[in-house]
Amino acid sequence: MTRIDAKFAELKAAGKKAFVSYVMAGDPDYDRSLELVKGLPAAGVDIIELGLPFTDPMADGPTIQLAGQRALDVGMTLEKTLQLAAEFRKEDSTTPIVLMGYYNPIYNRGVEKFLVDAKAAGIDGLIVVDLPPEEDDELCIPAQQAGLNFIRLATPTTDDKRLPTVLQNTSGFVYYVSVTGITGAAEAQAGDVGPEVARIKASTDLPVIVGFGINTPEKAQNIASISDGAVVGSAIVSKMADSQSVPDTLAFVKSLAEGAHKG
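Residues numbered from 1 in each chain as written. Predicted model: local features only at pLDDT ≥ 70, side-chain atom pairs only at ≥ 80, totals over all residues. Heavy atoms only, no water.

### Notes on the pattern of salt bridges
Phase 1 of the analysis: Applying the stated criterion across every chain yields a total of 16 salt bridges.
Phase 2 of the analysis: In this structure, Glu 91 and Lys 38 form a salt bridge, with 3.1 Å as the shortest nitrogen-oxygen distance. With Glu 91 in the loop between α4 (78-89) and β3 (97-101) and Lys 38 in helix α2 (residues 30-39), the pair connects residues that are 53 residues apart, well separated along the chain.
Phase 3 of the analysis: A salt bridge links Lys 201 to Asp 228, with the nearest nitrogen and oxygen atoms 2.7 Å apart. Here Lys 201, found in helix α9 (residues 190-201), pairs with Asp 228, found in the loop between α10 (217-225) and β9 (229-232); they are 27 residues apart in sequence, far enough to count as distant. (Salt bridge = Lys/Arg side-chain N within 4 Å of Asp/Glu carboxyl O. Helix = DSSP H or I, 4+ residues; strand = E, 2+ residues; numbered from the N terminus.)

Below, the structure written as structure tokens:
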């Protein structure tokens, strides 16, 4: 059982929904990024999505694109991202970390070396948005053999014919993208999302977590009420960019977590 599996079992036993937060590793700099990540569990975060900075993101809107660029500008790398995770693990052995990003940096490092290093750093799962199920032999299956969950995205355009392929080698949870398009560009609507979550849950026993377009405690609560939990990314990244304050950002995260946990 991975930390992700254990966390969802714990939440289910407590009758709670999950709150997942995304932050970009190295934004605005390594030290503040590490401080922010270390503070997330106490702010109510159940699972941390740690963004891997990349020069050519495809699914990310301007907010996260700019965060990635800021991180790259101060020298953030895959190596330093894994180092940040390892530093977090020195103080927290239970909160799951999902590394979210694109395949190029992983391919460049070499899949076998990357998986060994990610496991050693305390990474629990991967979301690699530009690797479709047809490429599962490339990373997904080796990752699962190494004891890492491989989390797949489902979207409003994932029809009933495509869904079984998406779910085939997915583990940990399913990340439902609530809107078509990029992160931070539109608002999630519970009325639209509910039937889609139900459709996915009819085909899998995995938890279904909803992200994209959630930026207030109320929206986090609404989305969590019709799913197994909510993910917030752009709103947290934007708060950090605007305030430049880790305590202010963590206070915002706490409000979002409280909303999701009411769902």
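### Here we look at helix α12 (residues 246-261)
Phase 1 of the analysis: Taking 1.5 Å per residue as the helical rise, α12 with its 16 residues ought to reach 22 Å, and the 22 Å between its terminal C-alpha atoms agrees with that figure.
Phase 2 of the analysis: When we look at burial in α12, the residues that qualify are Val 246, Thr 249, Leu 250, Phe 252, Val 253, Leu 256, Ala 257, Gly 259 and Ala 260.
Phase 3 of the analysis: Where α12 is buried, its residues touch β1 (18-24), α2, α10, β9 and α11 (234-243).
Phase 4 of the analysis: Among the residues of α12, the N-terminal cap falls to Ser 245, whose side-chain oxygen and the backbone nitrogen of Asp 248 are separated by 3.1 Å. (Expected span 1.5 Å × (residues − 1). Buried < 20%, exposed > 50% of the residue type's maximum accessible area, 1.4 Å probe, protein only. Contact = heavy atoms within 4.5 Å. Polar contact = N/O pair within 3.5 Å; in protein donor to acceptor, adjacent residues only side chain to side chain.)

### Some words on the pairing of strand β2 (residues 47-51)
Phase 1 of the analysis: Counting buried positions along β2 yields 5 of 5 residues, so the element is predominantly enclosed.
Phase 2 of the analysis: Residues of β2 alternate between two faces, with Ile 47, Glu 49 and Gly 51 on one and Ile 48 and Leu 50 on the opposite face, all of them buried.
Phase 3 of the analysis: In this structure, β1 lies alongside β2, joined through 5 bridges in parallel fashion. Pairing of Ser 21 across the sheet is with Ile 48, part of β2.
Phase 4 of the analysis: Once the chain exits β1 it traverses α2 before rejoining the sheet at β2, and the crossover so formed is right-handed.
Phase 5 of the analysis: Looking at chain direction, β2 and β3 are connected through 4 bridges and run parallel. The partner of Ile 48 across the bridge, within β3, is Ile 97. (Pairing = 2+ DSSP bridges. Right-handed = clockwise from strand over helix to strand, strands pointing away.)

### What to know about the side chain of Arg 89
Phase 1 of the analysis: Inspection of the secondary structure assignment puts Arg 89 in helix α4.
Phase 2 of the analysis: According to the relative accessible area criterion, Arg 89 is buried, its value standing at 13%.
Phase 3 of the analysis: A distance of 2.8 Å separates a polar atom in the side chain of Arg 89 from a polar atom in the side chain of Asp 124.
Phase 4 of the analysis: With residues up to four places along the chain from it excluded, the contact list for Arg 89 reads Arg 3, Thr 94, Thr 95, Pro 96, Ile 97, Ala 121, Gly 122 and Asp 124.

### A look at the packing of aromatic side chains
Phase 1 of the analysis: The full count for this structure, using the stated rule, is 4 aromatic pairs.
Phase 2 of the analysis: Arranged with centres 5.8 Å apart and planes meeting at 55 degrees, the rings of Tyr 103 and Tyr 107 form a pair that is tilted. Taken together, the residues span about one helical turn, with Tyr 103 and Tyr 107 both in helix α5 (residues 103-109) at a distance of 4 residues. (Phe/Tyr/Trp six-rings, centres within 6.5 Å; stacked < 30°, edge-to-face > 60°.)

None of this, on its own, says anything about what the molecule does.
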